[in-house]
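# Secondary and tertiary structure notes
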Amino acid sequence: MAIKNQIKQSLIIAFWFMILTFPIMVIKVNTIQNTIDFRWANLLWVGIVTFFASMVWNYFLRRNEAQKKKEIDDDIPLIHRLLQNDRFRRPFLGVVAAFFLAYPFVFPMYHTSIMISALVYVMLGLGLNIVVGLAGLLDLGYVAFYAVGAYAYALLNLHFGLSFWVVLPMSALLGTLFGVMLGYPVLRLRGDYLAIVTLGFGEIIRIVLENWDTFSNGPRGIADIPPPTFFGHYFDQHDTMIYIYFIVTGLVLMTIFFVNRLENSKIGRAWIALRDDEIACQAMGIDKFKTKLTAFALGATWAAMGGVVFAAKTSYINPMSFTIWESITILCVVVIGGMGSAIGVIAGALVLILLPEYLRAVSEYRMLVFGALQVIVMVFKPDGLIKSVRKVYTFNVQEKAIHEQTHT
Amino acid sequence: MNKPILSVKNLTMNFGGLKALDDVSIAIEKGQIAALIGPNGAGKTTFFNCITGIYEPTKGVVEITPPGKNTQSLRGLKPNYVTERGIARTFQNIRLFHGMTVLENVMIGRHCRLSSGIIKAMLQPPSQKNEEQKAVTDSYEILEKIGLAKYVNDMAVNLPYGAQRRLEIARALATDPFLLLLDEPAAGMNPQETKELDDLILWLRDNENLTILLIEHDMKLVMSLSDWIHVVDYGKKIAEGTPEDIKANSDVIKAYLGEDSDDA
């Protein structure tokens, strides 16, 4: 019965697609001879392909639903199960560490370079994850803080000759400061309104950078930004790339470490509670505004540090690197990776940034494939690639001891 | 004479042209179980919201005198500061944090009594770890008192309805209040659960030194529990007194049952 219905549904879909694509796939106007060709074979192909595609699509949807019903409590992603299992955790982390250590030496410079970009996005994603994933504030102007970091390094270096290692902590503070400055007026809003206003702020920063010629060199940007030094020593181009790779890997590790600790603290609990119910949160004595502002400012801190690395890596920045699309890409990293899930965000960043690079082979259809993949992920994995598994505080009654366990 | 623990004078709350509360004055003594009753839409929840800072009253005075402390005004304070000063509340429509376990819900209540900030959370010195552990044990103790210990590691959403209501009380207790405001704690409960709630409220007053103000529609519960009852209708206070006085008060009967044609 079910299969009969499915065939019927797929037939209807196929028929509908045949009608929809009729004008472009079948009719072909020959302008030289002023005739119209009807390519009926194409119509048949469209029908057959959509029919089978729809069958496959339905099959996966059905399987997904069946799985959901079967294991409501048991749907902890594989990677989390690996990390929880003591026997597998060490070897697994060992393999991951070995891979990332060996990566720049095994693969050519081009690959190291795109991996650096991906890791910068991991940092950005983890930062935005605090704002969007944990505190539930939709921030579409996140790129502004990324720009603040990049321009901080470029300008401080240009005017005062400050080095990468001096600017990195300074930019973190600067990012926090900008987070507070931008957050202060806008965090009274929520939901869609907040999204629109942050989007506006993101654009304001970019437009200022583009037009304030004397300050930022305008759309010409700033060139010759020096790479990071190793105790005053410069590497050649190839080694610099490897050096930056390890710096950014270290920064990512630091980010994971701190974000994880924040998440499992009083403030992390407050963020999650605030996302659930603002009024109840306030009635529990949580300062709504302050808590939101902390999330916003901490998110900005990591964006600014990511910006410094970006500027050091590309050695040239201009306002075009900080458009709204950048904000949306970072948001995609968080949403597709899995909101609130650090491992998810890492996976999201690697997939979203590396995939378009490797898809250059089919460059014509690159964005099409990319878009289709995003849709497919959202349909079949609405919680993101790797869904969030939060550390939950539990109380062990028998031993009267406190245990931390992972739980969905 | 001791000052009343909560003293509300001439409280008025306007929403545009609508007077939700009109010149309401209520005083609550320490150790009392007081009830605020009235027909639907009388302004009871608005009264709670005005005290706890969710609304800022248009006019009037809200003062508290915590045990052993000086009188202070609550007017215009944000809800979180009201909670910090020792007034906890529950909600008419249950507002638990659904994505969290029972224990974590109570831990959120401890939030305003914990001191660790962001830097401590990132560096995790021993003091912060001890504080977190203490928050967990304290929260568990509260759950034990309220009788929810068996649910400690369950998700809050999966609890039976009556237990969710009790969890709201547990979460409110975690903020170390001296005055507890309960907004329809028995709504939707079965007779057995209502009986248990009755016992719990009495126990809270006697053992936790709490003063309790509750809004309730279950008249049996209100009459058996309360020391003092305040009645509001259409935003105006129409009566106050002991349960016996209120039962006999003709204004109250009129408000609930409508005017009797013989009296008119």
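About the criteria used
- Residues numbered from 1 in each chain as written.
- Chains lettered and ligands numbered in written order.
- Predicted model: local features only at pLDDT ≥ 70, side-chain atom pairs only at ≥ 80, totals over all residues.
- Heavy atoms only, no water.
- Pairing = 2+ DSSP bridges.
- Helix = DSSP H or I, 4+ residues; strand = E, 2+ residues; numbered from the N terminus.
- Contact = heavy atoms within 4.5 Å.
- Axes fitted to C-alpha atoms, helices over the stretch in contact; angles between N-to-C directions.
- Domains from an automatic or database assignment.
- Patch = residues over 30% accessible without salt bridge, like charges linked within 9 Å, V, L, I, M, F, W, Y side chains within 5 Å.
- Areas by Shrake-Rupley, 256 points an atom, 1.4 Å probe, with all protein chains shown as cover.
- Salt bridge = Lys/Arg side-chain N within 4 Å of Asp/Glu carboxyl O.
- Buried area = accessible area lost by both parts, 1.4 Å probe.
- Nonpolar A, V, L, I, M, F, W, Y, C, P; charged D, E, K, R; others polar.
- Buried < 20%, exposed > 50% of the residue type's maximum accessible area, 1.4 Å probe, protein only.

## As for the sheet that holds strand β5 (residues 72–73) of chain B
All names here are of chain B.
- With antiparallel pairing, the four strands of this open sheet are ordered in space as β2-β1-β4-β5. Across the chains shown, the open sheet's two edge strands, defined by having one partner strand only, are β2 (18–28) and β5.
- In this sheet, β5 lies alongside strand β4 (residues 59–64) in antiparallel orientation, the contact comprising two bridges. Considered in β5, the bridge of E63 is made with S73.
- Helix-sheet contacts for helix α1 (residues 44–51) involve β1 (6–15), β2 and β4, and the interaxial angle to β1 is about 110°.

## Description of the domain arrangement of chain A
- According to the domain assignment, chain A contains domain 1 (2–67) and domain 2 (104–391).
- The C-alpha-based centres of domain 1 of chain A and domain 2 of chain A are spaced at 41 Å.

## Considerations on a nonpolar patch on the surface
- The grouping of F15, W16, F17, I19 and L20 of chain A at the surface amounts to a nonpolar patch, some 540 Å² of accessible area in total.
- As for its position among the elements, I19 of chain A is in helix α1 (residues 2–26).

## Brief notes about the domain arrangement of chain B
Residue and element names in this part refer to chain B.
- For chain B, the assigned domains are domain 1 (6–86 + 177–257) and domain 2 (97–160).
- Taken over C-alpha atoms, the centre of domain 1 sits 28 Å from the centre of domain 2.
- Taken together, the contacts link seven residues of domain 1 with four residues of domain 2.
- For domain 1, the biggest contributors to the area lost against domain 2 are E84, L200 and W203; these three give 62% of the whole.
- Applying the counting rule to domain 1 against domain 2 returns one salt bridge.
- The partner of K145 in a salt bridge is E208, with the nearest N and O atoms 3.3 Å apart.
- Within the residue set of the side of domain 1 that touches domain 2, elements represented by two or more residues are α2 (79–84) and α7 (191–208).
- In terms of residues, the side of domain 1 that touches domain 2 owes the most to one element, α7, which gives four residues.
- Taken together, the residues of the side of domain 1 that touches domain 2 break down into three nonpolar, two polar and two charged.

## Thoughts on the interface of chain B and chain A
- The partner chain A presents 38 residues to the 43 residues of chain B that form the contact.
- In total, about 3600 Å² of surface goes out of reach between chain B and chain A, with carbon and sulfur atoms giving 63% of it.
- Where chain B packs against chain A, one counts two salt bridges.
- Among the ionic pairs, R95 of chain B bridges to D277 of chain A, the shortest N-O distance being 2.8 Å.

## Focus on the pairing of strand β9 (residues 228–233) of chain B
All names here are of chain B.
- By the criterion of burial, β9 is predominantly enclosed, with five of the six residues buried.
- Pairing of strand β3 (residues 33–37) with β9 involves four bridges; the strand directions are parallel. Its bridge partner lying in β9, A35 is registered against I229.
- In terms of strand pairing, β9 meets strand β10 (residues 236–241) through five bridges, oriented antiparallel.

## Details of the pattern of salt bridges
- Under the defined criterion, the tally for this structure stands at 22 salt bridges over all chains.
- Notably, a salt bridge pairs R206 of chain A with E203 of chain A, separated by 2.9 Å at the nearest N-O pair. Of this pair, R206 of chain A and E203 of chain A both sit in helix α8 (residues 192–211), separated by three residues, roughly a single helical turn.
- A salt bridge links D183 of chain B to R89 of chain B; its shortest N-O distance comes to 3.7 Å. Residue D183 of chain B is found in strand β7 (residues 179–183), and its partner R89 of chain B is found in strand β6 (residues 87–89); the two are separated by 94 residues along the sequence.
- Residue classification places D183 of chain B among the buried residues on the basis of a relative accessible area of 0%.
- With relative accessibility at 3%, the residue R89 of chain B sits in the buried group.

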